[in-house]
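# Structural description and commentary
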Amino acid sequence: MSRKQRPTRRALYRQRSEKSGLPPGSLVYVGDRGGSSVRMTLLDYSDTGYTERLIAAPDECAPFRQSQSITWINVDGLSVPKTLEGLGGAMGFHNLVLEDILNTEQRPKFEDYGDYVFVVAKMLEFNTDAGHVKPEHLALVLGRNFLVSFQEVAGDPFEPVRARIRTGAGKTRKLGADYLLYSLLDVTVDQYFVVLDRLGERIEQLDQLILSSESPRIMGEMHALKREILFLRKNVVPLREVVNTLRHSDSALIDEATRPFLRDLHDHIVQVVDRIETYRDLLSSMLDLYLSSVSNRTNTVLKIVAVFSSVFLPLTFMTGIFGMNFEFMPLLHSPKGFVVIVTSMVAIVVVMLAIFRWRRWI
Amino acid sequence: MSRKQRPTRRALYRQRSEKSGLPPGSLVYVGDRGGSSVRMTLLDYSDTGYTERLIAAPDECAPFRQSQSITWINVDGLSVPKTLEGLGGAMGFHNLVLEDILNTEQRPKFEDYGDYVFVVAKMLEFNTDAGHVKPEHLALVLGRNFLVSFQEVAGDPFEPVRARIRTGAGKTRKLGADYLLYSLLDVTVDQYFVVLDRLGERIEQLDQLILSSESPRIMGEMHALKREILFLRKNVVPLREVVNTLRHSDSALIDEATRPFLRDLHDHIVQVVDRIETYRDLLSSMLDLYLSSVSNRTNTVLKIVAVFSSVFLPLTFMTGIFGMNFEFMPLLHSPKGFVVIVTSMVAIVVVMLAIFRWRRWI
Amino acid sequence: MSRKQRPTRRALYRQRSEKSGLPPGSLVYVGDRGGSSVRMTLLDYSDTGYTERLIAAPDECAPFRQSQSITWINVDGLSVPKTLEGLGGAMGFHNLVLEDILNTEQRPKFEDYGDYVFVVAKMLEFNTDAGHVKPEHLALVLGRNFLVSFQEVAGDPFEPVRARIRTGAGKTRKLGADYLLYSLLDVTVDQYFVVLDRLGERIEQLDQLILSSESPRIMGEMHALKREILFLRKNVVPLREVVNTLRHSDSALIDEATRPFLRDLHDHIVQVVDRIETYRDLLSSMLDLYLSSVSNRTNTVLKIVAVFSSVFLPLTFMTGIFGMNFEFMPLLHSPKGFVVIVTSMVAIVVVMLAIFRWRRWI
Amino acid sequence: MSRKQRPTRRALYRQRSEKSGLPPGSLVYVGDRGGSSVRMTLLDYSDTGYTERLIAAPDECAPFRQSQSITWINVDGLSVPKTLEGLGGAMGFHNLVLEDILNTEQRPKFEDYGDYVFVVAKMLEFNTDAGHVKPEHLALVLGRNFLVSFQEVAGDPFEPVRARIRTGAGKTRKLGADYLLYSLLDVTVDQYFVVLDRLGERIEQLDQLILSSESPRIMGEMHALKREILFLRKNVVPLREVVNTLRHSDSALIDEATRPFLRDLHDHIVQVVDRIETYRDLLSSMLDLYLSSVSNRTNTVLKIVAVFSSVFLPLTFMTGIFGMNFEFMPLLHSPKGFVVIVTSMVAIVVVMLAIFRWRRWI
Amino acid sequence: MSRKQRPTRRALYRQRSEKSGLPPGSLVYVGDRGGSSVRMTLLDYSDTGYTERLIAAPDECAPFRQSQSITWINVDGLSVPKTLEGLGGAMGFHNLVLEDILNTEQRPKFEDYGDYVFVVAKMLEFNTDAGHVKPEHLALVLGRNFLVSFQEVAGDPFEPVRARIRTGAGKTRKLGADYLLYSLLDVTVDQYFVVLDRLGERIEQLDQLILSSESPRIMGEMHALKREILFLRKNVVPLREVVNTLRHSDSALIDEATRPFLRDLHDHIVQVVDRIETYRDLLSSMLDLYLSSVSNRTNTVLKIVAVFSSVFLPLTFMTGIFGMNFEFMPLLHSPKGFVVIVTSMVAIVVVMLAIFRWRRWI
């Protein structure tokens, strides 16, 4: 638990080996974000009103486990396992759930523990400066009348949902905690489209560069985009299965009225996956195009060499002939000698170029 | 809702991120086609006759929801969410249905809402000038005795169906709204074959160009065709699943008599998908052919360089020898010197070319 | 119906767009083979004997629909929809069946209509002159005691079956119409093996050419073979599914005694598909071999250029040195000058070639 | 039946078209091995003892069909259909079984005929001289208390099984004919590992050659190995399905006690298939490595050309300058002229090479 | 049994053919590790305490088969089949189980023998010196109250588990032998992450080298990494299936309380497989990048050749012209001749380079 967290440069995967050998259910935060503080907020609402406040100690949450009103507890910061352990105890979570909440490398998953269901997803953001997708771990525990959400750092795309709860707009206040779970996932998936749009723009830009430019940088960018696509796919594809299981789950926690929304959510993720696959195909087609354009340029350059050597090597040879110092050579002393030779040189060039044109070599 | 719609150049995907953060069921038209007007027409028919008229206000539709005659309401233009919301209210559609009707990026899908079923498909047209496939969003809602169809712009391939209703030809007037749904989808899929034929023609033309021409433009066109194939696949493949679900659906809205037709429709889509896959394979084989022909041309050009340098470099060297200004050199002062040297040069060329021919280098 | 049939050059797909917009069940022959005549023959047999005759009018068939003896009606020529419509009416076929009989682009399929089952397959022949596979549409309708077969042109591989019926050899006369259906499909699949053997021979020939020859024609032929393989797969793979469904079908039309034969037939088609896939893999491996042999030849040619330029460029430079017209230069007036220079040139060549040999460049 | 058998060179597939048009169940041996003789041996054993003898006429086998002791009839040679027909009649085999016994192109399969089950497998041997895998057709029919095995030629890997029967070692004599079937298949699959080990050795050897050698022969060998892998896969993969079906079959002929052994056998085949797939992947990675090493060598050779032409072309040009015959030129008559020029040449070379080294071109 | 074990260099597969022909259930150790000794330790524990000791003879284990306390027998060293046979007899294991314990080439598998279940897995370690993954065979037999583990050599990652048993920390002492089985597998899978992290680091390093360096060694390393990935996949992918079967098994040996942990373990393996696949994709994208960078460098080098030959070949030709020995030539005797020619040469160079720059060749 006391192992130090060293910051690592972003990789497709962070170090996971640090946990090796620890007993199952050990609580270790393997991520590298956020300081040492945990911030817990509570948003309790029903059809008629809502209260919102900060939570200082995990024990304050226990009463809300059984309350009739819907309770949303949001936790920002996963770097203090002690606090989370307290919260887990207060809410009655299995140790394996707590372990997965802290394990930011955990892929999206759904687990039904009877009294509550556990969902892991990834919030994604496109970092324009670095040019890559920045992930944030999101763990959600849905109980009868409560939802607990865990994030790595403060700041999330859930403000519109909070606003709807505060104003009472939309259906959020009228429906149960399962609809809240859906709303959070829906907003998360909406973010994926933003990321996809950014990636799509870069792919389109690159696509138009390939034929006009010849910078070897293009290939490096295609490779970088492919990495991002791989990264995205790793984080999104399992979520499709998660939402599908959630939607068809026979858990009593999921109300019938929420299922059409989950179907809609599933549909959105399918679209995200579709686009990811299309981008992959597109990148692979662009790679072919790029490689063929490199080959074509090689051909063009080679032709220059071919034309110059096939025209000037013979000519230079001819000048060499008449530059030899033989005493007895034809033409040298004739007044028309020079003209004759230059004329034949011109003729040779013309014939050579004609042949090349005819054979379509140039 | 009041967000401005900026026209975008056609991309594999339009911007979807604008919707991010809005509550589920928000009505936003994400497409870029059509002006600000909505045109609704109503075609009510039974075995014995038909009436046809324009609809001014959505409320006029409500009575037809329960009528015994079959009612086909067609809506052209999706840019006025207000009107569509009115229509949705009058016909009793779920908010998620209205959202998907407006979302022109929605992939083909089938959803059974009990009282009605909701189908999304894509109308495709081949734009010969631009050389690409132009899609149009098509949403269909089938109720007991009515069908509501939503399109982005006026102008559709459904005229033959309307003609059959007006003249009473075929089975359309004798069978229910489900047969009308089938008819519209059938016409839509028939259009796919037209698009495929156009693409197929271009692929065949390209195939014949590859070996005869050496334009680098060919590669660009292959890439463009691959994009179109990807685009097509994205729009058609999900429809296969849609029709299959529709066909095996236990919804009371689908009559037994219509199922053989749906089976036939499914079969057509399978054929479309088959052809798309074959085109993909063909393009990939053509790419191999093209790349190998580029390599072969590289070889040809290289051989020219090889022949010229291996023939003339030695010869020029020989002329160089006898162009040196040494005082004491053999042959220079012999009357046969020049002839001897030129003869040996010719001999060298002949031997060199013979070796090349023998080693099959030229 | 009156649309003119223009002959098209053979493509992977014929034009299908002509049918676009026609009502479902419209009878249009989309192929390009055969004249305007239809030839119908009837072969009625039982355990004890057989009768064979031409049919002039479709109505003559009606009585055989219910007869106890087995009736095989064969139709050559699909270009007169009227006649086929008559036959369909007399035998009680669904309009969609007639549509698919005429649609020569229809992929293999199986449909159970209760009273009868409908099977579409493709007869394939290898046209040695053109070097490609020639398909012919085959539609089969199996009823209680009858089988109707539809072909595009006269001439088929079914003569051995007819001979067995006439002579009473084998089981054909003892078993029902389902065994006849099996026999026709079996003969059709046997033809596939002939086609595969032809393709296999060409692939083997090409395989042996790749390393010995360097003709760019090889690549074109590989591409052509790949097209044929694609074409074959398109026509054969769906048939596997057809026969599998037929074999496990619970239709009363398929007798238990026929099922082992259908299992055997299924097994044959699986073998055909196996070979097609192996050919694909083989072609793809041959492509790799070819491309690498092109690269190797590029290397060989390049080495010639490298050797000649690295040997003769320095030598020519040396001759250039002593060809300069400076007044004061060493060696020029020494009697041994020429010998010294020529000796050093020879030394340079030897050292250069030794280095090349040592670095394994040549 | 009387068609002549022409010997063919080994191909991925032998000619199968000869059978085209024959009635189903026609007995034709399509292989090319063995003479005109058939050798039948009988090994009858029980827990207490065994008898072994040659069989002259097929009818001798009939009594063993019902005997309590276990009977193993082995048939070497498939070229006399008459004899096999007799044996098939005596043992009560379906005609399709006999057809598949003779059809050496038959892929591995399992068929349950109620009274007996029919299994086809392939014995494989690695022919070190020819460098390829030699297959032999193996057909097995398992009845209540008997097993009939059919092979193309004499000589098989079953001697250890026979030895165990003769000595009574192991479980073979204690268990039924199904255990004998398992034993034969187990020995057959054990042979596959021998073949895989040979192929694996060749792949390893090739893998180490790729980077050190540059022989174009390597590519040819990789292609040959790929052919062998394809060949192996074609023969082994269907057997996996066969054993799996056999193991889960509800046939009364398979005893419960034998099932763990069949599970083990299945596991072995899965390992064979695993290795085949790994070898494929390995070969494909080796191909990439080879092609990239060819490209690298191309680069190396090109650099030689580049260095020599960029160094000597300018130098030769300079000598050309001072080799011109102008009357008025600078330096020519200066005593230091030659030294100045040669010094500048050396300077040019040094600068040029420094630039190249700095730009990392050489 | 007495066959000698020759040490082999590490290959993707070790020789397996040595076992060919032996009766099923023959005990042969096919690995090449460990000496001739077997070391057996026994760890017997319950909620209240534990005893730990060495076992000299296999028979000592028999009493623990039925004891109420949990017994963990660990066997290091598989090279003495006799001892293992004794142990197998004492514990009542099937002969096929013993065979698979010794067969170190056995892929991961799960088999339910009713009284006990048998699990095979692989312990993996990354050998940094050799740069490859080192596998060790691990066989586990779980009975009612006992677990027997078999390893090839002494030294394992199970020390943390032993420590937890000794100290009574965690749940190990409170739960059954199935939880012990889970704990061992969990530690084994944790090791996989360590291996993946090492491989991941090497892949990242290579990825950054590709664009900056041009060493052909990179390709060799990519190939080596691909081999490791293949090796890993072969050992891990079947384990996913094993744990899934274990988790859903209806064996009475697996307690309900252990199932969530098995679900978690399954989830970990899925992540391992995910990363393996991502690494494969990444390597394949890196290969593309590498090949394209090789092509680009070829182009760069070619351009040098092109520029030098197109600039200096014409110039040298011009010097050749005026180096000819014709008696009557223009300019030679003019005082400005030399300046005129040199000026035109400079002009030609400038024009040439301008053209090249304009056509973007250089």
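Residues numbered from 1 in each chain as written. Chains lettered and ligands numbered in written order. Predicted model: local features only at pLDDT ≥ 70, side-chain atom pairs only at ≥ 80, totals over all residues. Heavy atoms only, no water.

Next up on the list: the pairing of strand β3 (residues 70-76) of chain A. Residues and elements named next belong to chain A. Burial runs high along β3: 7 of the 7 residues are buried. Two elements, strand β1 (residues 39-46) and β3, share 7 bridges in a ladder whose sense is antiparallel. If you follow Asp44 over to β3, its bridge partner there is Thr71. In this structure, β3 lies alongside strand β7 (residues 146-151), joined through 6 bridges in parallel fashion. By the bridge assignment, Trp72 is partnered in β7 with Leu147. (Buried < 20%, exposed > 50% of the residue type's maximum accessible area, 1.4 Å probe, protein only. Helix = DSSP H or I, 4+ residues; strand = E, 2+ residues; numbered from the N terminus. Pairing = 2+ DSSP bridges.)

Residue and element names in this part refer to chain D. The mixed open sheet is built from 7 strands, whose spatial order is β2-β1-β3-β7-β6-β5-β4. Bordering the open sheet on either side are β2 (50-55) and β4 (109-112), each of which pairs with just one other strand. Across this sheet, the average inter-strand angle for adjacent strands is 20 degrees, counted without regard to direction. Note that strand β5 (residues 117-127) and strand β6 (residues 132-142) share 11 bridges and pair antiparallel. Residue pairing for β6: Ala121 is matched across the bridge by Leu138. (Axes fitted to C-alpha atoms, helices over the stretch in contact; angles between N-to-C directions.)

This part takes up the pattern of salt bridges. On inspection of all chains with the given rule, the structure shows 115 salt bridges over all chains. Arg198 of chain A is the salt-bridge partner of Glu201 of chain A, the closest N and O atoms lying 3.5 Å from each other. In this pair, Glu201 of chain A and Arg198 of chain A both sit in helix α4 (residues 177-212), 3 residues apart, roughly one turn of the helix. Among the ionic pairs, Arg217 of chain D bridges to Glu221 of chain D, the shortest N-O distance being 2.3 Å. Here the residue Arg217 of chain D and the residue Glu221 of chain D both occupy positions in helix α5 (residues 217-248), the gap between them amounting to 4 residues, near one helical turn. Looking at Glu221 of chain D, the relative accessible area reads 26%, which means it is partly exposed. Overlapping salt bridges, with partners in common, bring together Asp100, Lys109 and Glu111 of chain A together with Arg263, Asp264 and Asp267 of chain E in one network. (Salt bridge = Lys/Arg side-chain N within 4 Å of Asp/Glu carboxyl O.)

Further remarks concern the environment of Ser69 of chain D. All names here are of chain D. Inspection of the secondary structure puts Ser69 in the loop between β2 and β3 (70-76). In the structure, Ser69 is positioned 104 residues away from Arg173 in sequence and 9.8 Å away in space, judged by C-alpha atoms. If sequence neighbours within four positions are ignored, Ser69 has contacts with Asp44, Tyr45, Ser46 and Asn145. Within the local environment of Ser69, its side chain forms a polar contact with the side chain of Asp44, the two groups lying 2.7 Å apart. (Contact = heavy atoms within 4.5 Å. Polar contact = N/O pair within 3.5 Å; in protein donor to acceptor, adjacent residues only side chain to side chain.)

So, about the relation of the copies chain A and chain B. Of the two same-sequence chains, chain A is brought onto chain B (RMSD 0.1 Å, axial shift 0.1 Å) by a rotation of 72 degrees. Viewed as a symmetry operation, the transformation between the two copies matches a five-fold axis. When C-alpha positions in chain A are compared against the rotation axis, the closest is assigned to Gly323 of chain A, at 4.8 Å. (Least-squares fit on C-alpha atoms with pLDDT ≥ 70 in both.)

Turning our attention to the nonpolar core. Formed by 470 residues in total, the largest nonpolar core has its most connected members in Phe150 of chain A, Phe150 of chain B, Phe150 of chain C, Phe150 of chain D together with Phe150 of chain E. Core analysis: the second largest hydrophobic core is formed by 100 residues, Leu332 of chain A, Val311 and Leu332 of chain B together with Val311 of chain D among them. (Core = buried A, V, L, I, M, F, W, Y, C linked by side-chain atoms within 4.5 Å.)

Moving on to the side chain of Thr172 of chain B. Tracing the backbone shows Thr172 of chain B in the loop between α3 (159-167) and α4 (177-212). Beyond its immediate sequence surroundings of up to four residues, Thr172 of chain B is in contact with Tyr45, Arg164, Ile165, Tyr179 and Leu180 of chain B.

The next point concerns the interface of chain C and chain B. Contact residues are listed per partner, giving 69 residues for chain C and 62 residues for chain B. Summing both partners gives a buried area of about 5,700 Å² for chain C against chain B, and 61% of it is carried by carbon and sulfur. Residue Glu111 of chain C is joined to Arg263 of chain B by a salt bridge in which the shortest nitrogen-to-oxygen separation is 3.4 Å. At the boundary of chain C with chain B, the tally comes to 18 residue pairs in polar contact (both at pLDDT 80 or more). Contributions of two or more residues to the side of chain C that touches chain B are made by α2 (95-102), β4 (109-112), α5 (217-248), α6 (259-323) and α7 (337-358) of chain C. Of the residues forming the side of chain C that touches chain B, the biggest block, 22 residues, is contributed by α6 of chain C. Here the side of chain C that touches chain B is built from residues that sort into 32 nonpolar, 19 polar and 18 charged. (Buried area = accessible area lost by both parts, 1.4 Å probe. Nonpolar A, V, L, I, M, F, W, Y, C, P; charged D, E, K, R; others polar.)

Of the two same-sequence chains, chain C is brought onto chain B (RMSD 0.1 Å, axial shift 0.0 Å) by a rotation of 72 degrees. Little of the interface of chain C is mirrored in chain B, where only 12% of its interface residues are also at the interface.

Take the packing of aromatic side chains next. The geometry of an aromatic ring pair is captured by two quantities: the separation of the ring centres and the angle between the planes. One pass over the full model with this rule turns up 50 aromatic pairs over all chains. Between Phe317 of chain D and Phe312 of chain E, the ring centres sit 5.8 Å apart and the planes meet at 55 degrees, which makes this aromatic pair tilted. Taken together, the positions of Phe317 of chain D in helix α6 (residues 259-321) and Phe312 of chain E in helix α6 (residues 259-321) put the pair across two chains. Among the aromatic side chains, those forming a connected cluster through ring pairs are Phe93, Tyr113 and Tyr116 of chain A. When the ring centre of Tyr113 of chain B is taken as reference, the NZ or CZ atom of Arg263 of chain A above it lies at 4.8 Å. (Phe/Tyr/Trp six-rings, centres within 6.5 Å; stacked < 30°, edge-to-face > 60°. Lys NZ or Arg CZ within 6 Å of the ring centre and 35° of its normal.)

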